[in-house]
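# Fold and geometry: a report
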Amino acid sequence: MERFPDIEIYLAVADVEAITQWLRQALGDGDLTLDRAGKGIWRGRAAGAEQGIGIMLVERAADGYASLWFDCDATPWPRDTDCARDAARELGCEARCSLGGWQPGDDPDRFWQVTPDGHEHTIEWPDSGR
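Anyway, here's the lowdown on the structure attached to this text. (Residues numbered from 1 in each chain as written. Predicted model: local features only at pLDDT ≥ 70, side-chain atom pairs only at ≥ 80, totals over all residues. Heavy atoms only, no water.)

## Describing the pattern of salt bridges
Applied cut-off: Any carboxyl oxygen of Asp or Glu within 4 Å of a side-chain nitrogen of Lys or Arg constitutes a salt bridge here. Throughout this description, buried means an accessible area under 20% of the type-specific maximum (1.4 Å probe, protein chains only), exposed means over 50%, and partly exposed covers the range between.
Enumeration over the complete set of coordinates arrives at 8 salt bridges. One salt bridge connects Glu59 with Arg60, and the closest N-O pair in it is separated by 3.7 Å. For Glu59, a relative accessible area of 17% corresponds to the buried category. In this structure, the salt-bridge partner of Glu90 is Arg89, at a minimum N-O distance of 3.5 Å. Since its relative accessible area comes to 53%, Arg89 is described here as exposed. If you follow the salt bridges from partner to partner, you end up with Arg79, Asp82, Arg85 and Glu120 in one network.

## Brief notes about the environment of Phe111
The criterion, for reference: Comment: elements are numbered from the N terminus, with helices defined as DSSP H or I runs of at least four residues and strands as E runs of at least two. Pairs of residues are marked as contacts when any of their non-hydrogen atoms sit within 4.5 Å.
Within the secondary structure, Phe111 sits in strand S7 (residues 110-114). Look at Phe111 and you get buried, because its relative accessible area is 13%. It is 6.3 Å that separates the C-alpha atoms of Phe111 and Glu124, two residues lying 13 residues apart in sequence. When residues no more than four places from it in sequence are discounted, the contact partners of Phe111 are Tyr10, Cys97, Ser98, Leu99, His121, Thr122, Ile123 and Trp125.

## A closer look at the nonpolar core
Applicable threshold: The nonpolar core is taken to be a set of buried Ala, Val, Leu, Ile, Met, Phe, Trp, Tyr and Cys residues, with the residues joined through side-chain atoms within 4.5 Å.
Ranked by internal contacts, the top residues of the largest apolar core, which has 30 residues, are Ile9, Leu23, Leu27, Ile55, Leu68 and Phe70. Sorting the residues of this core by element identifies strand S1 (7-11), helix H1 (16-27), strand S3 (41-46), strand S4 (53-62), strand S5 (65-71), helix H2 (80-91), strand S6 (95-98) and S7 as the ones contributing at least two each. Examining the composition of this core, we find that 5 residues originate from one element, H1, more than from any other. Leave out the neighbours within four places in its chain, and Leu23 touches Gly28, Leu32, Leu34, Ile55, Leu68, Phe70 and Trp77.

## Considering the packing of H1 against H2
Formally: Here the axes come from fitting lines to C-alpha atoms, over the contacting stretch only for helices, and the angles between their N-to-C directions go from 0 to 180 degrees. For classification purposes, angles smaller than 35 degrees are called roughly parallel, those larger than 145 roughly antiparallel, those between 65 and 115 roughly perpendicular, and all remaining angles oblique. For any helix crossing, the convention is left-handed if the near helix is rotated counterclockwise from the far helix by under a right angle, and right-handed if that rotation is clockwise.
At a closest axis distance of 11 Å, the pairing of H1 and H2 adopts a crossing angle of 120°. By the angle class used here, H1 and H2 are oblique. The crossing of H1 and H2 is right-handed. Residues Ala18, Ile19, Trp22 and Ala26 of H1 lie in contact with H2, whose contacting residues are Cys83, Asp86, Ala87, Glu90 and Leu91.

Structure representation (structure tokens):
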């Protein structure tokens, strides 16, 4: 299975404490913290990979959804969809992500949606500019 060079998902809930607890368990770093790095922006670095896993959480990044980005290919999730499934289940909220690696000509509004009850499907999620 192909590993993506980074992972980005969108979460319907941006509970920083709950996300931090989930990441500590999922990434195996009990000391992980997400520190405020600006208005609605949180950053952290998980131990584990050779250089660590850079993490950024942006509250209200797209239509009220938070963006959670991992700047590394050494996460437990090989693809965005794998991370979205885990997040939806563990955080009890809807998660969205891109369908795969984006290439010129791809429809930028098509996303994968995972609900907390495990239902998954493709959705149209046009950028509203908010």
